[in-house]
Amino acid sequence: MAEAGVLCYRTSAVEFRIVRGPSSFGGSQNYYPQIKYDGRWGRVCSLGTAAANVFCRQLGQGYVSGQRNYFYGGSRNSGRNWLRYVYCEGSETSILQCANYDFGRPDSTNSNFCGYSVNSLSCFKSVRLRPYDDKSYGLVSAFKNNQFNYVCDKGWDQTETDVVCKELGYKTGLPLCCSAFSYAYSTKKFTRMGDVNCSANDTSLTSCAFNGTTQRCLAASVFCTNDTVNTTDFTVSLDSESGYSGVVSVTYMGLDGHICRDDWDDKDATVMCKSLGFSGGQAYYHYRTRNSGELPPFWFSNVNCTGNETTLAECSYTGFGKVRRCSDVGHAAGVLCYNKQGTFFRLAGGGQNYGRVEVSVEGVWGTICDYSTSWSNLDAKAFCRSIGFADGSVQKGSAYGKGSGVVWDNYWRCNGNETSLNQCSQTGWTVSSSSLCNSHNRDASVYCYQNVRLSQEVDKSMGYVQIYQGDDWKTVCSTGFNDSAARVVCRELGFADGRAVCCSAFGPKPYLDMLNQTVQCSGNEESTQECITDKFCDGAADGSMNYASVICQNASQVIDEGFNFTIQGGHYTSERNHSYSGFAVVSHLGVTGKICNRNWDNNAARVVCTGLGFKDGLVYSHLRGGGFDDDEPFLVAGVNCTGAETSLENCTFRGPLELDNCSAEAGFLCFNDSGVTFRIAGGDKSMEGLVEVLVGGEIGTICGRGWNNADASVLCKQLGYADGETSNSEDFQFGKGQVWLSNIGCTGQEKSLLDCAHNGWNILDSKISPSFSDYWCRYHLNDAGVKCYDNVQLSIGFEKFLSSGRVNVYSAGAWRAVCSDGWSDSEARVVCKQKGYKTGQAVSGSAFGEYTGPILSSQFTCNGSEDYLLNCSRQDSPCTSGSYASAVCSNEANATDERVRFVSGVTSTSYSGVVQVRIGSLWGRVCSNGWDDKAASVACRELDRRFAGGKAFMQPYRTRAGVPIVLESLSCNGTEASIQDCSRVPWKSNQTCSYENNTAAMVCYEQDISFSLVGGNTPNSGRLELRRDGLRAEICARTWTSVEAKVACQQLGYSDGIPLCPESGYFIGDPLCTRSQFTTGRAISVWRWTLRECEGVEKSLLSCSTTDGWRDGFNTYCIRPPASVHCFNETLAITRTRLAGQDSSNFGRVEVYVPELKSWGTVCDDLWNDVDATVVCKEMGFSKGKALHSAVCGQGTGPIWLDNVKCRGNETSLKQCSSAGLGQHNCDHTEDACVDCFDETVSTVMTTRETTEMPTKTTASISVTTTRETTPTTTPTSTKPTELSSTAKTTTTMSSTVKSSTEQSKSTEQTTSVVTPGQKSTEKPTSGSTPPSSGSFGTFTPEEHVGMGPEMTILVAVLVPILLIIIIAAIVVGILWYKARQRGKASQSSVIDTPVSNQTMDGSLQMTNVMFGMEEINFQNAGPYNITLGDSGGGFTKESTDDKANLVKF
């Protein structure tokens, strides 16, 4: 319960003010809140956002809102601290009504915290200029619907500018275009104020007419001034680091701006450069936002010089408040100036962003040789950055034409961080003496990029799409990427149009850094950056994302929309049998592209081959040049022919937006005789030898270059064997005939080698130039060999023949596991002998993990002399155990004396690591089930007598190690001499411990092991450390969430805990605790303990999963900061939920309250959907909810408590839903989750004319449902007249309408529509309105709320009882009348049907009566609303009431 407080004073009442303080970093102004009490001014510390709002409104002076600023640096001796830790809900009218720590508490005087960390604030009136607030220019933001909204610039003109500037206290101003002062790539804002139309009589922007719908548009910007506007008083300069190239800067009335690039050309640049003292200049478009600052205004546009002017001021232009639009907001007018002295660069022979690099050295222009200078991409990047781009790439071999004149040499050593070539280290300028260079055949060229680029180095008009983010290039996925997006990309690159190609059209690129955000455009965006959404790409979870590609076109191109199929690489493979091979390609959109091999079958080959004059053909998957060639994209997939077509154009196929993820092309082999046959020859055994291929009866071989086990396996299975592997061809005789195939690329799943990709038939003798690797295939020096087998396989191991694991036998066309029934060491030794080992040991009970495949219904019995398992006797019988047999093979026949050991490796030390024990001659793992500190102590003492004990921990098992579990369900008392003396499940019995289970590990000690908190501000907080025998180790936590923090704190004797931001003391979830602080690695100069994750039920961190346990030695590295935690004696829990950010009970930002931290926090919108929103809305008393994202209801402040919320829908509170954990998020407040709550009710449409006093039909239904006892009743509110639909299912409501005289005098016709069940309202809730709900009285609107005074409330209170009496009397009279009529009519229906009452479909009674001015009133209990009615309007607060905070209120 909150306690009551009083504030006594001797002299004058309490006063409030804000005082100007020093500027913070970045130059923004700070103001400090102060309170005058008893004649002394003092400070207010630790104000939250809600408290800042209350304080500013309390000051009056037109302030409507406030903002808390994080400013640190107040003086310790600047006055007394009157208030600390102020907690406001936001609706208070005075800061003294908010809860606080204690007004004027003695120990708050000159407190270190308040003294050095004084909160400053900013108070705002109904209009702001952002992002500065304290400057005379910025983006216009108006206070509407209880929040500030950007104003759309559509229709924005001088009139609106004057209204804003005068409202802010200035005389006049200038309108600015194009969202001036916004940040990079945020020029378009979400706004609820569009199409603003002011008149000269308006004194406030909010009083102007406007469109209140949410839209995304360029925000209006203004420049306000008290000076006289003089459009001739300005200066022009060059903003440049080099002194000769950069963006043109115009300074007007003290504010720097740019020139719009529209119509900017070399004549304009020449005038600009001559005014700076240069002899000439070249125009370019300078990228404005490379440094991510605010965009300055465009002072000029449409500059038009003749070239003879001496300054830009003499040229014609549009300027100073007259610039209404700019075609490219991201670029401004730039110049490259040059002279006869010094060094200057320019582009030639290309366009604005590409061309030949030319340099002027002491007035002599020439080119640069890319050969002698080792011209690299780093050099190109530095050059492109000097002319305003973000990156660049080298174009080899005079890509944009040969230059003329001298060729300059200069060897640069750029590192990639320079902004100009002149900043790179270099050898100096000399004239080239190379004949190769002086021919201008190697003139250096560049292609510069800004936001987007295409991958192709040869043809820049097509390629896969990459976006520049975070000083790196991210590849765009194809999810949602269409022709509209392609047009935006291509236009940004300087092309006229573009088309999209989906699904990794240039082949697999596993090395690409993919952007896991979809790019979806409408086609009207100026930049691809504006199209980036918050939606994830398909395939992101398993790494199978496809990238998007485009084909761009110039305006002069004539685009062929058709598909024309042709043949490439066609050649006769043999003159003797007249076979012919090649691959099909297609021309589309002016580009020659590939045909995907998916669904490419022999029918398609038959169409191609019969068209070439052959009798038949077969297909193959073609790979160019022995690898993948990405110069041409895939354009067609899914070719489907019947074989009777005369051309591929007549077959069905899919186009560029419906491709498969392709890796090979559509190849074919034509012939007139027989087809292709494979066989094995040349070896001593029929299962082993050279691979021979017969094409039309002509023999040949396969080149062994690239031949691998997958290829061999496919061939062996094709020939009827179980499996196979490669064999050394040197053991066989040389092959003969043609080398038919090379560079085969099978996956192992194909049914025939004909289904595998390769680079063509007999290309060594074809006209196609073979790749370098094909030369190794000549003269049969490297023919492919194979060894097929058909019996036994082991599932685990590293060797050529796997050394251990499940025993599989190939049977009935598939591999099947051997049943463990009757499986013994005799059978295991035969299997191991067959695999090439000396001995083996049987392991039963499915010891190598879960297996879902078939188990052979046979039992083998071997005597040990057999060479193969299939030679042993075999008896068919069902596998009663249901488990498979395993074998562990070894060349070590004798066991050692050792019985316990640590697994060797980097994760083990002499005292810590994974434990293995020996049973007989077999070393195996210990299951984590039953593994505890007692068992670890026994094992440690058995390992080394110097150890006093041990601590158990778990480590994830690396399944490829091939080690079975030999001990499980241990139960030690701690006094045993050996781990094998402990109670356990007998070896070789049916085990229950999963092979994939965590492995037992331990850390041994001679003295003790303990955890402690160090370096914290309080005893219950700090960095967590583990100490072993006096040596301390930091916790390297790969996962450090509230789950791990809770385990750590409970281990230390507390109830709960929350992670601390490393080395800052902020709780996780606080905006000041950034994600990067949790992901920045660091070197550790002590021992470390690496923690993986906890489940939350462990009693110790040592029981949680680890990655590599205790790491010995100094200077190791951890990918995370040290684990820090704040512990609590209470359990941390969310107790309350509320909607904030709007003056509405059903629409707002979702916030939750954690009482132990006394803090409200927001919910991140990751995974936020309508199911989650409905849970929140039900908690608020509504029946449905719609999820809203991106803080559309206003950004919150303070912590972000929840993220990745997942509700099932049956929860009664948001706290019951799963989430990432308290404070665990990767968000900021631009991702705050919001909801729009509503009720499902009856569809009602009624038209009334308010000037006509006609009787209103009033409908009431009495329901038999039971209401909640905890639901409080509320005061009835008025609604508009409604009439129930005869087909709708009704609820328990009664309605009444009371209109004020003002409303009755109107002569307007109104239509009211209420949403039916299952429908969703298309209108946004009005601020201050209450939606209909199961516990509300009708529908509340602001207009009705204002019109209903105390007299109307009394009238309603009187009419309700009278109406009830009339209804009850009507029911009694109706029933008596009805029974009187039914006495003689026994067969009559018993349903009541009178003008007074009838029975509805749900069984409730519905009564009607004719009265004046009455409407539906809902008599069900209302939800937990607080409704205030009065002459000045009303407001709502809506909050769940699970718990109340113990706050002191005045």
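All values derive from a computational prediction rather than experimental measurement.

Peer 1: What exactly am I supposed to notice about the overall build of the protein chain here?
Peer 2: When helices and strands are tallied, the protein chain shows 17 helices and 87 strands. Across the 1450 residues of the protein chain, 53% fall into the buried class. Contacts spanning at least 24 positions in sequence make up 71% of the contacts within the protein chain whose residues lie at least 6 apart. Total accessible area computed for the protein chain in this model is approximately 63700 Å², and 48% of it derives from carbon and sulfur atoms.

Peer 1: Explain the pattern of salt bridges here, please?
Peer 2: Oppositely charged side chains can pair when the atoms bearing their charge come close. Applying the stated criterion across every chain yields a total of 21 salt bridges. A salt bridge links E358 to R346; its shortest N-O distance comes to 3.0 Å. Pair noted here: E358 is in strand 24 (residues 354-361) and R346 is in strand 23 (residues 343-348), with a separation of 12 residues, a long-range link. On the basis of relative accessible area, E358 is assigned to the buried category, the value being 9%. Between D616 and R606 there is a salt bridge; the shortest N-O distance is 3.1 Å.

Peer 1: Quick question: what am I supposed to make of a nonpolar patch on the surface here?
Peer 2: A surface patch of nonpolar side chains, amounting to about 360 Å² of accessible area, comprises L1364, I1368, V1372 and L1376. Among the structural elements, L1376 can be located in helix 17 (residues 1350-1382).

Peer 1: Got a minute to help me understand the state of the cysteines in this structure?
Peer 2: Such a bond, covalent and formed between the sulfur atoms of two cysteines, is termed a disulfide. Tallied over the full model, the rule gives 31 disulfides. Between the sulfur atoms of C1207 and its disulfide mate C1217 the distance is 2.0 Å. A torsion of 105 degrees about the S-S bond marks the disulfide between C1207 and C1217 as right-handed. In this pair, C1207 is assigned in the loop between strand 79 (1200-1202) and strand 80 (1234-1238) and C1217 in the loop between strand 79 and strand 80, connecting sequence segments 10 residues apart. Judged on exposure class, the residue C1207 and its partner C1217 are both buried.

Peer 1: Would you mind going over the pairing of strand 27 (residues 406-409) with me for this structure?
Peer 2: In regular strands, side chains alternate between the two faces of the sheet. The side-chain alternation of strand 27 yields two buried faces, one formed by V406 and W408 and the other by V407 and D409. Inspection of the sheet shows strand 25 (residues 364-368) paired to strand 27 by three bridges, in the parallel sense. Bridging across to strand 27, G366 finds its partner in V406. Where strand 27 lies against strand 30 (residues 430-431), two bridges are found, and the strand directions are antiparallel. From the neighbouring strand, D409 faces strand 30, where its bridge partner is T430.

Peer 1: Help me out: how do you make sense of the pairing of strand 24 in this one?
Peer 2: Among the eight residues that make up strand 24, seven are buried, leaving the element largely enclosed by the rest of the structure. Hairpin geometry of strand 23 and strand 24 is characterised by an intervening segment of five residues between the two adjacent antiparallel strands and by a positive phi of about 75 degrees at G349. Relative to strand 25, strand 24 is paired through four bridges, and the arrangement is antiparallel. Considered in strand 25, the bridge of S360 is made with W365. The antiparallel hairpin formed by strand 24 and strand 25 contains two residues in its connecting segment, where E362 sits at a positive phi of about 50 degrees.

Peer 1: Looking at this structure, how should I read the packing of aromatic side chains?
Peer 2: To describe a pair of aromatic rings, one takes the distance between the centres and the angle between the planes. Summed over the entire model, instances satisfying the criterion amount to 32 aromatic pairs. Relative to F320, the ring of W299 lies with its centre 5.8 Å away and its plane at 40 degrees, an arrangement referred to as tilted. Linking W299 in strand 20 (residues 298-304) with F320 in the loop between strand 21 (316-319) and strand 22 (331-338), this pair joins segments that are 21 residues apart in sequence. Judged by its relative accessible area of 0%, W299 is buried.

Peer 1: I would appreciate a short explanation of the environment of V1097 in the present structure.
Peer 2: Positionally, V1097 belongs in the loop between strand 71 (1087-1093) and strand 72 (1105-1111). Taking the relative accessible area as the measure of exposure, V1097 reaches 68% and is therefore exposed. The spatial distance from the C-alpha of V1097 to the C-alpha of V1043 is 9.0 Å, given a sequence separation of 54 residues.

Peer 1: Would you mind showing me how to read helix 5 (residues 377-386) here?
Peer 2: Each turn of an α-helix holds 3.6 residues, which means side chains three or four residues apart point in the same direction. Where burial is concerned, most of helix 5 is hidden: eight out of the 10 residues are buried. Looking one or two residues beyond helix 5, the residue adopting positive phi is G388, at roughly 95 degrees.

Peer 1: Any chance you could explain the side chain of D723 here in plain terms?
Peer 2: Mapped onto the elements, D723 comes out in strand 48 (residues 723-727). Looking at D723, its side chain comes within polar contact range of the side chain of S713, at 2.5 Å. Filtering out sequence-adjacent residues up to four positions away, D723 remains in contact with S713, C716, K717, C788, Y789, Q793 and W815.

Calculation rules
Residues numbered from 1 in each chain as written. Predicted model: local features only at pLDDT ≥ 70, side-chain atom pairs only at ≥ 80, totals over all residues. Heavy atoms only, no water. Helix = DSSP H or I, 4+ residues; strand = E, 2+ residues; numbered from the N terminus. Buried < 20%, exposed > 50% of the residue type's maximum accessible area, 1.4 Å probe, protein only. Contact = heavy atoms within 4.5 Å. Areas by Shrake-Rupley, 256 points an atom, 1.4 Å probe, with all protein chains shown as cover. Salt bridge = Lys/Arg side-chain N within 4 Å of Asp/Glu carboxyl O. Patch = residues over 30% accessible without salt bridge, like charges linked within 9 Å, V, L, I, M, F, W, Y side chains within 5 Å. Disulfide = S-S within 2.5 Å. Pairing = 2+ DSSP bridges. Phe/Tyr/Trp six-rings, centres within 6.5 Å; stacked < 30°, edge-to-face > 60°. Polar contact = N/O pair within 3.5 Å; in protein donor to acceptor, adjacent residues only side chain to side chain.

Shape is all these values report; function is a separate question.
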